[in-house]
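# What the coordinates show
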Amino acid sequence: MEGMRRKGKAFYLSLLGALLSAISSTAQTPRESLAPTPPMGWNSWNKFACNVSEDLMKSVADAVASNGMKEAGYQYVVIDDCWQVDRDADGNIVPDTRRFPSGMKALGDYIHSKGLKFGIYSDAGSGTCQNRPGSQGHEFQDALMYAKWGVDYLKYDWCHTETRNAQEAYSTINRALLASGRPIVLSICEWGKNQPWLWSRGIGNLWRTTDDISDHWQSKKRWPNGNCCEMGMVDILDLQVGLESFAGPGHWNDPDMLEVGNGGMTATEYRSHFSLWALLAAPLMAGNDIRSMSAETNEILTNKEVIAVDQDPLGREGRRVRKEGDLEVWSKEMSDGSRAVILFNRGSAENEIRFTWDEIGYPNHLSAKVRDLWEHRDKGEFKGSYKANVPSHGVVMLRVSP
Ligand code: GLA
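In this report, we go over the structure that sits alongside the text. Note that the structure is a prediction, hence the values are computed from the model and not measured. (Residues numbered from 1 in each chain as written. Predicted model: local features only at pLDDT ≥ 70, side-chain atom pairs only at ≥ 80, totals over all residues. Heavy atoms only, no water.)

### Thoughts on the nonpolar core
- Membership of the largest hydrophobic core comes to 88 residues, with the highest contact counts inside it found for Tyr 74, Trp 83, Trp 149, Phe 274 and Trp 277.
- Taken domain by domain, this core gets at least three of its residues from each of domain 1 (32–310) and domain 2 (319–401).
- Apart from the residues within four sequence positions on either side, Trp 277 is in contact with Ile 213, Met 233, Ile 236, Leu 237, Pro 255, Asp 256, Leu 258, Ala 282, Pro 283, Leu 284 and Asp 310.
- Listed in part, the 17 residues of the second largest apolar core include Leu 327, Phe 355, Tyr 362 and Tyr 386. (Core = buried A, V, L, I, M, F, W, Y, C linked by side-chain atoms within 4.5 Å. Buried < 20%, exposed > 50% of the residue type's maximum accessible area, 1.4 Å probe, protein only. Domains from an automatic or database assignment. Contact = heavy atoms within 4.5 Å.)

Pasting the structure below:
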């Protein structure tokens, strides 16, 4: 009798333990609950830099709503730097009325009328990277203004911050946004300078891990001091290795916005860029002129099977499981127990890449279904391993389901 009671107690205790650990691993702060999966949208910077206007933003919102991107999951339409020109006598931020004659509230309303969300940009320093007014000392005032305009997403940059402490700066804007009463996603853009992956969880929803991306496969230029300058796609990719464990629902590593469709890489390279960003559970912010993109670019940006890897609710960031010279295998654990796998060939000639089940966390005796996410085709059932020919600078992206 006593033994049974003890066993019963042990059972309930272990149930309670399991419950508590389930709650603590999924519990999210108010900040984290704003981005349960990596944010998806469009941002003006990579293609348009300072050439932003309400006409541009409205036509981009029209495009997202009608070209298949909205159905594929793209949500945020974000104006980057240069929309702001001044502060008024009361310290309120003043938009460029020549470029945004109807005002920011009207623009927000327009974007919302398309079923999309409105994003904006500011900076933790005295000025933005293009020397427009920054938010330092005006955080709460700016957050209230954004809320009034219907802003849903803030990208917050790191120029002109001098000796400011990054964690303090981003905590201040986080508190200001939360106090504004409007749910606003916070995109930390401090370029990885102060290891934001160590302190940003619960402060921001995503944090840049590197300097800016450029529309190149790999950087050929170096600054005179030998450091890298304009980072190419694979330069950024390499800097993500080792950061996987810091990402999860509500808090994501951000390897910067997409260059897909901007013209500096081939379609094969853009397919690699998009696939790898999805495997990294990266925010997918398109950065090309989506109003006039080719059918091929549209097809890359709206590949739903690849996007499902990015948006998987488990929120695991994938990792490189093998690198042998130019040939790599990447794998991401999915919520249904399957794995997304990328075979990546950096070399200058086509090459065969083979991987085994145990490299992606399965016993080799299992038989598993393999599906190709770019061909949209089931390849059959395989036991222990799979191999494919991968084009130069290309990927084969798979889903492996035991
Ligand atoms: C920084 C950011 C970029 C972009 C520009 C705008 O360089 O990292 O993403 O926002 O500023 O000036």
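### Some details on the site of the ligand
- For the ligand, the full set of nearby residues is Trp 45, Asp 80, Asp 81, Tyr 121, Cys 129, Gln 130, Lys 155, Asp 157, Cys 189, Trp 191, Arg 208 and Asp 212.
- Arg 208 is positioned such that a nitrogen or oxygen atom in its side chain is 3.2 Å from an oxygen atom of the ligand.
- Asp 212 has a polar side-chain atom sitting 2.6 Å from an oxygen atom of the ligand.
- When isolated, the ligand has an accessible area of 310 Å², and the protein chains bury 94% of it.
- Here the shell around the ligand is built from residues that sort into five nonpolar, one polar and six charged. (Near = heavy atom within 4 Å. Polar contact = N/O pair within 3.5 Å; in protein donor to acceptor, adjacent residues only side chain to side chain. Areas by Shrake-Rupley, 256 points an atom, 1.4 Å probe, with all protein chains shown as cover. Nonpolar A, V, L, I, M, F, W, Y, C, P; charged D, E, K, R; others polar.)

### Side note on the state of the cysteines
- If you walk through the whole model with that rule in mind, you get two disulfides.
- For Cys 129, the disulfide goes to Cys 159, at an S-S distance of 2.1 Å. One disulfide, between Cys 129 and Cys 159, carries an S-S torsion of 100° and so falls in the right-handed class. On the criterion of sequence distance, the pair formed by Cys 129 in the loop between strand 5 (117–123) and helix 6 (139–149) and Cys 159 in the loop between strand 6 (153–157) and helix 7 (166–179) is long-range, its members being 30 residues apart.
- For Cys 159, a relative accessible area of 16% puts it in the buried group.
- For the protein, the bonded cysteines connect in the pattern 1-2, 3-4 when numbered consecutively along the sequence. (Disulfide = S-S within 2.5 Å. Helix = DSSP H or I, 4+ residues; strand = E, 2+ residues; numbered from the N terminus.)

### Concerning the packing of aromatic side chains
- Under the definition given, this model contains 11 aromatic pairs.
- Ring geometry for Tyr 156 and Tyr 170: centres 5.7 Å apart, planes at 85°, overall edge-to-face. Residue Tyr 156 is located in strand 6, and its partner Tyr 170 is located in helix 7; the two are separated by 14 residues in the primary sequence.
- The residue whose ring lies beneath Lys 58 is Tyr 110, and the NZ or CZ to ring-centre distance is 5.0 Å. (Phe/Tyr/Trp six-rings, centres within 6.5 Å; stacked < 30°, edge-to-face > 60°. Lys NZ or Arg CZ within 6 Å of the ring centre and 35° of its normal.)

### Some thoughts on the side chain of Glu 259
- Tracing the backbone shows Glu 259 in the loop between strand 9 (252–254) and helix 9 (267–279).
- Setting aside its immediate chain neighbours within four residues, Glu 259 contacts Asn 46, Ile 213, Ser 214, Asp 215, Met 265, Tyr 270 and His 273.

### Focus on the packing of helix 6 against helix 7
- Contact geometry for helix 6 and helix 7: axes closest at 8 Å, N-to-C directions at 40°. Accordingly, the angle class assigned to the pair helix 6 and helix 7 is oblique. Two packed elements cross with a definite hand, and for helix 6 against helix 7 that hand is right-handed. The residues of helix 7 that touch helix 6, namely those facing Glu 139, Phe 140, Ala 143 and Tyr 146, are Thr 172, Ile 173, Arg 175, Ala 176, Leu 177 and Ala 179. (Axes fitted to C-alpha atoms, helices over the stretch in contact; angles between N-to-C directions. Parallel < 35°, antiparallel > 145°, perpendicular 65-115°, else oblique. Left-handed = near helix turned anticlockwise from the far one by under 90°.)

### What about the environment of Ser 113?
- Its place among the elements puts Ser 113 in helix 5 (residues 104–113).
- For Ser 113 and Ala 61, which are 52 residues apart along the polypeptide, the C-alpha to C-alpha distance reads 9.6 Å.

### Thoughts on unusual backbone geometry
- With a phi angle near 60°, Asn 131 is a residue other than glycine that sits in the positive phi range.
- Residue position: Asn 131 is located in the loop between strand 5 and helix 6.
- Positioned with a positive phi, Glu 162 is a non-glycine residue whose angle comes to about 50°.
- Mapped onto the fold, Glu 162 is located in the loop between strand 6 and helix 7.

### Details of the packing of helix 3 (residues 54–66) against helix 5
- In the contact formed by helix 3 and helix 5, the axes pass within 9 Å of each other and the chain directions differ by 10°. Relative to helix 5, helix 3 is oriented roughly parallel. In this structure, helix 3 uses Glu 54, Met 57, Lys 58, Ala 61 and Asp 62 to contact helix 5, whose residues at the interface are Leu 107, Tyr 110 and Ile 111.

### Focus on the sheet that holds strand 1 (residues 40–43)
- The eight strands are arranged 9-8-7-6-5-2-1-10 in an open sheet whose pairing can be described as parallel. A strand with exactly one partner marks an edge of an open sheet, and here the two such strands are strand 9 and strand 10 (284–286). When the angles between neighbouring strand axes are averaged without regard to direction, this sheet yields 25°.
- Two elements, strand 1 and strand 2 (residues 76–78), share three bridges in a ladder whose sense is parallel. Residue pairing in the sheet places Gly 41 in a bridge with Tyr 76 of strand 2. (Pairing = 2+ DSSP bridges.)

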